[in-house]
Structures are given as structure tokens and as C-alpha cells.
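# Observations on the three-dimensional arrangement
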Amino acid sequence: MQKQLIAALSLPALALSVQSTPSHGHTTSCSKTCVVDSSAHDASYAIERAFRDCGHETGEKRGKVVFKKNEIYNVRRVMNTTGLTNVDVEIHGTLLWDTNIHYWLNNSLPVGYQNQSTAWIFGGENVHWTGFGYGTLDGNGQVWYDFINGTNNYPGRPHQISYAGMKNSVIEKTRFVQSQMWTMTVIHSENVLLEDMYVNSTDANREVGFDFSSLNTDGADVIYSNNITFRNWTVDCGDDNISTKANSTNILIENQDWYTGLGYAMGSIGQYDGKYETVENVTVRNVTVHDRMRYAAYFKTWTGVSRGYPPNGGGGGLGYAANITLSDFKLHNTSGIFAITQYTSYNDARGECDTSKFNIRDVTLENWAGTTTSAVLAELQCSGASPCTGIKYNNVSAYIPSNNTMANHYLCGNVSETIGFECTDGLWEENNR
């Protein structure tokens with residue numbers, strides 16, 4: 001039975017050209033199978049060789065790369081397995097990344113955005129990757145959480161994997177644990193379904209708090225990509241649960257269970273001076289937000305003044321985020337609900353809050369309910385240089401058990417059009433990120 005991917009079919013009021021659609025089933029023959037050997041001190045050479053030998057089929061033929069069940073594959077060097085075609089990937093075992101911090105800091109591969117880097121670049125067309133619900137990528141992240149000790153965007157710290165140049169593909173049923181930094185980047189990709197995923201990158205040595213010790217362990221980040229679906233995810237992490245960054249369009253995020261993190265993030269964006277970027281046609285729906293979450297969702301742009309360089313500096317970017325719908329959120333004692341901040345600056349510098357020319361518009365929150373510790377339903381610090389418009393609340397409420405009241409504050413700055421609510425207060429940074 002095939003499962004259709006195209007996220008735009010589930011998004012309201014979109015008109016897209018017909019695209020090819022990946023499926024879970026294949027009727028074509030498997031011409032080559034490579035079973036990856038796990039016995040070597042460093043399995044990365046065998047992994048790259050398997051994809052080289054069995055990952056480049058054409059026509060009706062498909063290759064297959066198999067990681068054996070109950071086997072541990074020690075990965076001690078960076079890997080680049082891109083340009084794949086017509087390949088099935090079966091993760092039955094565990095890929096375990098080495099803890100040689102010095103090596104990774106000096107050899108991680110560039111992602112192509114924000115001066116970020118990665119341990120593995122994986123890409124191709126007509127790829128079907130499955131972990132059967134137990135196949136695991138383990139980044140050995142605890143050594144990184146201890147090493148960085150809360151340092152934001154430590155240079156050279158690698159993402160666990162970057163799916164780059166993926167097209168018409170399915171990635172499913174895989175466990176990603178203790179990621180070194182961001183769990184995954186989906187970049188320069190189109191028409192990809194990521195389904196039935198488990199992500200857990202939490203610090204075993206420290207209690208969860210707002211100064212997340214496992215900082216920057218995003219669940220997933222989308223960059224320069226179109227028509228991407230995230231379905232049936234469980235995420236427990238130390239930063240954005242799922243983020244849509246520059247030029248993310250036609251994105252569907254649905255059926256999510258989030259335990260720790262910052263929620264859905266639009267951004268950060270506007271970091272490159274004079275560069276025009278967009279986030280458009282995004283639907284996030286049916287999300288359960290648990291009590292260790294800082295927000296259910298938040299939007300973050302840089303100021304309009306460029307200071308420093310990415311990842312921790314920048315600003316002055318142009319563009320817009322539009323037609324974003326956040327629906328059917330279930331809140332379980334969350335500390336914050338929804339926020340817009342347009343004042344991110346170099347190394348958290350303050351000021352110049354009204355300078356961003358990146359515009360945020362046509363954002364809808366609908367059918368949100370549950371419990372919270374916050375009295376604030378909206379904290380909207382938009383930019384005076386480009387005020388937010390079309391911010392809509394429909395059937396959004398949250399109960400505060402500690403004092404038996406309902407959250408009823410809407411903090412606003414430079415919001416020129418609200419629908420379904422009225423601003424009640426100026427900004428007082430109730431739950432600043």
C-alpha cells in the first residue's frame with residue numbers, strides 16, 4: 001500500500017504543479033545488495049563503499065544497502081554519500097559516532113548555511129530509507145554537551161546528518177539519539193517524506209532547564225527546500241523541535257509529540273545582510289506540547305543591522321514569512337505559548353529592536369487548548385521597520401492550574417493588524433529566549 005507524500009495536498013489554498021511522489025512500496029527489482037561490514041575499527045569506509053557500489057541504479061533497477069541487526073557500526077570520520085539514485089537503505093543496527101572531539105571540530109563538513117557543519121552528508125533521488133522502528137543513529141552527544149557547557153553554536157561542532165539534495169524520497173522509522181548538535185538538516189531538497197521518527201538528545205548529567213545544557217540539539221532544520229513533510233515524530237531535545245529556516249516552502253509538520261525544547265521555530269532568519277529569504281505555506285498541526293517545553297511555537301528574526309558573522313552574528317536580511325498555520329495544539333503545563341521576536345543580534349546584544357525589514361504576516365493559530373504556567377497567550381515583538389500584519393487567533397485558550405485562571409495577556413509591539421484578539425499590554429519579556 002502506497003502512502004502519498006505531497007505535503008501541499010494537505011495545505012490550504014495552495015496551487016502547485018504536479019510533482020512525482022515517493023512511496024513506501026516498490027515494484028521494481030533489486031539488482032544489487034550491499035551488506036555493510038561492521039567488524040572494522042572504523043566502519044565509515046565500508047559504509048561509503050556500500051553506497052558507492054549499490055547506490056547508483058538507473059531505470060527500473062534498485063540497489064540496496066543493509067546495516068545488520070544487532071550490529072554496532074563505529075563511525076570515526078566524516079562521510080559523504082551523495083548523488084545516490086534508486087536505492088533502499090535498511091538500518092537494522094546502530095551507527096555510533098566516535099568521541100574524538102578534536103577530529104570532528106577540525107574535519108566536519110560544511111552544510112552551506114550559517115557556517116554550520118555536519119558529520120555525514122547524505123543525498124540522492126528516489127531513496128527509501130527505513131530503520132524499522134529500531135534502527136539507530138547515535139551521536140554520542142553527551143561528550144559534546146559536557147564539552148561545550150552551554151556555548152552557543154560552537155565552531156566545528158557537527159550536526160549528526162545532513163540530508164542534502166534529496167528528491168522524491170522517503171526517510172522513516174529511525175531513531176536518532178544523543179545527536180552531537182542539530183540532529184538533521186534537510187537542505188536543497190524537494191518532495192521528501194520524513195515519517196515515524198524518534199529523536200532524543202537530552203543531557204543525562206543535568207536537570208532540564210531553560211539554559212539547556214544540550215543547546216543547539218534541534219530535532220530538524222529545513223533550509224532551501226520545498227514540499228517537505230514531517231509526520232509522526234517524537235522529539236525530546238535542547239533547542240528547536242523542528243525549524244523552518246531560509247527558503248522553506250510548502251512544509252507540513254503533523255502528528256507531533258514534543259517533550260523538551262523550544263517548539264516549532266520559524267527561523268532564525270534575516271541573518272545575511274541584504275539577502276532576500278522567505279518561509280511560506282507552512283502548516284503545523286496536531287501537536288502535543290509537554291511541560292518541559294519553553295514555547296509551543298515561536299518566530300525569530302535578526303535585527304536590520306548587521307553585526308558579526310553567522311552563526312552567532314549577522315542581521316540586515318530581507319524577505320518575509322507568510323501563510324503559516326498552527327492548528328490543534330495540546331498544551332500540558334507549558335511555560336510559554338507563542339512568541340515573535342525580531343531583535344536577535346550579535347552574541348545576544350540588545351537594542352535596534354525596530355530595525356528588521358523582514359516581514360511576518362498572515363499567521364493563524366487555531367484550536368489550541370490545555371494548561372500552562374504563563375498568563376501570556378501571545379508575546380509579539382515585531383519590528384517597527386516592518387510591522388506584523390494578519391496575526392489571527394481562533395479558539396485559542398490555556399488554563400493556569402496554579403491560580404485557577406485563564407491566560408489572558410496579549411503582549412504586542414508593532415503589530416498593525418490582529419484578528420480574533422486585542423493587544424492588552426506592551427512588551428515585558430515574560431519568557432524571553
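This text gives an overview of the structure that appears in the document. Since this is a predicted model, take the numbers as computed values, not measurements.

Time to look at the overall build of the protein chain. Scanning the protein chain from N- to C-terminus turns up 3 helices and 31 strands. Taking all 433 residues of the protein chain together, the buried fraction comes to 59%. For the protein chain, contacts bridging at least 24 residues in sequence account for 76% of all contacts bridging at least 6.

Right, let's get into the nonpolar core. Across soluble globular proteins, nonpolar side chains have a tendency to be buried as a group. Grouped together as the largest cluster of nonpolar side chains are 103 residues, with contacts concentrated most on Trp 120, Phe 122, Phe 230, Tyr 264, Leu 326 and Phe 338. It is strand β21 (residues 276-293) that provides the largest number of residues to this core, a total of 6 residues. With residues up to four places along the chain from it excluded, the contact list for Phe 338 reads Tyr 295, Ala 297, Tyr 298, Phe 299, Leu 326, Val 363, Leu 365, Leu 377, Ala 378, Glu 379, Leu 380 and Tyr 393. Grouped together as the second largest cluster of nonpolar side chains are 5 residues, Ala 265, Tyr 295, Tyr 298 and Ala 339 included.

Okay, the state of the cysteines next. The full count for this structure, using the stated rule, is 3 disulfides. Shown here is the disulfide that connects Cys 382 with Cys 388, its sulfur atoms set 1.9 Å apart. Residues Cys 382 and Cys 388 are joined by a disulfide whose S-S torsion is about -100°; by sign, that bridge is left-handed. With relative accessibility at 1%, the residue Cys 382 sits in the buried group. Here the bonded cysteines of the protein chain are numbered in sequence order, and their pairing is 1-2, 3-4, 5-6.

What follows deals with the packing of aromatic side chains. Under the definition given, this model contains 25 aromatic pairs. Summarising the aromatic geometry, the rings of Trp 120 and Phe 122 are spaced 5.7 Å apart at their centres and angled 85° between planes, so their arrangement reads as edge-to-face. Residues Trp 120 and Phe 122 agree in their burial class; the two are buried. Where Tyr 276 meets Tyr 320, the ring centres are 6.3 Å apart and the plane angle is 70°; that geometry is what we call edge-to-face. With a gap of 44 residues between them, Tyr 276 in strand β21 and Tyr 320 in strand β23 (residues 318-334) connect regions that are remote in the sequence. Here Tyr 276 falls in the exposed class, since its relative accessible area comes to 51%. An aromatic cluster of three or more residues is present, and its members are Phe 51, Phe 67, Tyr 73, Trp 97, Trp 120, Phe 122, Trp 129 and Tyr 163. The residue whose ring lies beneath Lys 69 is Tyr 134, and the NZ or CZ to ring-centre distance is 5.0 Å. Over the face of the ring belonging to Tyr 45 we find Arg 77, whose NZ or CZ atom lies 4.2 Å from the ring centre.

To continue, consider unusual backbone geometry. The amide bond that connects Gly 267 to the next residue, Ser 268, takes the cis arrangement and shows omega of 5°. Mapped onto the elements, Ser 268 comes out in strand β20 (residues 264-269). With omega at 10°, the peptide bond leading from Pro 310 into Pro 311 counts as cis. Summarising the element assignment, Pro 311 is placed in the loop between β22 (297-302) and β23. Residue His 188 is not a glycine yet carries a positive backbone phi of 50°. Tracing the chain through its elements places His 188 in the loop between β14 (184-187) and β15 (190-200). Residue Asn 232 is not a glycine yet carries a positive backbone phi of 60°.

We now examine the environment of Ala 246. Looking at where Ala 246 falls in the secondary structure, it is placed in the loop between β18 (242-244) and β19 (248-261). Spatially, the C-alpha atom of Ala 246 lies 6.4 Å from that of Val 279, the residues being 33 residues apart in sequence. Other than its neighbours up to four places away in sequence, Ala 246 contacts Tyr 113, Val 222, Ile 223, Tyr 224, Ile 269, Glu 277 and Thr 278.

A word on the side chain of Ser 386. Relative to the helices and strands, Ser 386 resides in the loop between β26 (376-381) and β27 (389-396). A polar contact is formed between the side chain of Ser 386 and the side chain of Asn 359, at a distance of 2.9 Å. Setting aside residues no more than four positions away along its own chain, Ser 386 makes contact with Gln 342, Ser 356, Lys 357, Phe 358 and Asn 359.

Moving on, we come to the pattern of salt bridges. Throughout the structure, instances matching the rule amount to 14 salt bridges. Close ionic contact of Arg 76 with Asp 98 constitutes a salt bridge, the shortest N to O distance being 2.9 Å. Taken together, the residues span a long stretch of sequence, with Arg 76 in the loop between β3 (72-75) and β4 (79-91) and Asp 98 in the loop between β5 (94-97) and α2 (101-107) at a distance of 22 residues. For Glu 254, the salt bridge identified is with Arg 231, shortest N-O distance 2.6 Å. Taken together, the residues span a long stretch of sequence, with Glu 254 in strand β19 and Arg 231 in strand β17 (residues 225-236) at a distance of 23 residues. For the pair formed by Glu 254 and Arg 231, the shared burial category is buried.

Thresholds applied
Residues numbered from 1 in each chain as written. Predicted model: local features only at pLDDT ≥ 70, side-chain atom pairs only at ≥ 80, totals over all residues. Heavy atoms only, no water. Helix = DSSP H or I, 4+ residues; strand = E, 2+ residues; numbered from the N terminus. Buried < 20%, exposed > 50% of the residue type's maximum accessible area, 1.4 Å probe, protein only. Contact = heavy atoms within 4.5 Å. Core = buried A, V, L, I, M, F, W, Y, C linked by side-chain atoms within 4.5 Å. Disulfide = S-S within 2.5 Å. Phe/Tyr/Trp six-rings, centres within 6.5 Å; stacked < 30°, edge-to-face > 60°. Lys NZ or Arg CZ within 6 Å of the ring centre and 35° of its normal. Polar contact = N/O pair within 3.5 Å; in protein donor to acceptor, adjacent residues only side chain to side chain. Salt bridge = Lys/Arg side-chain N within 4 Å of Asp/Glu carboxyl O.

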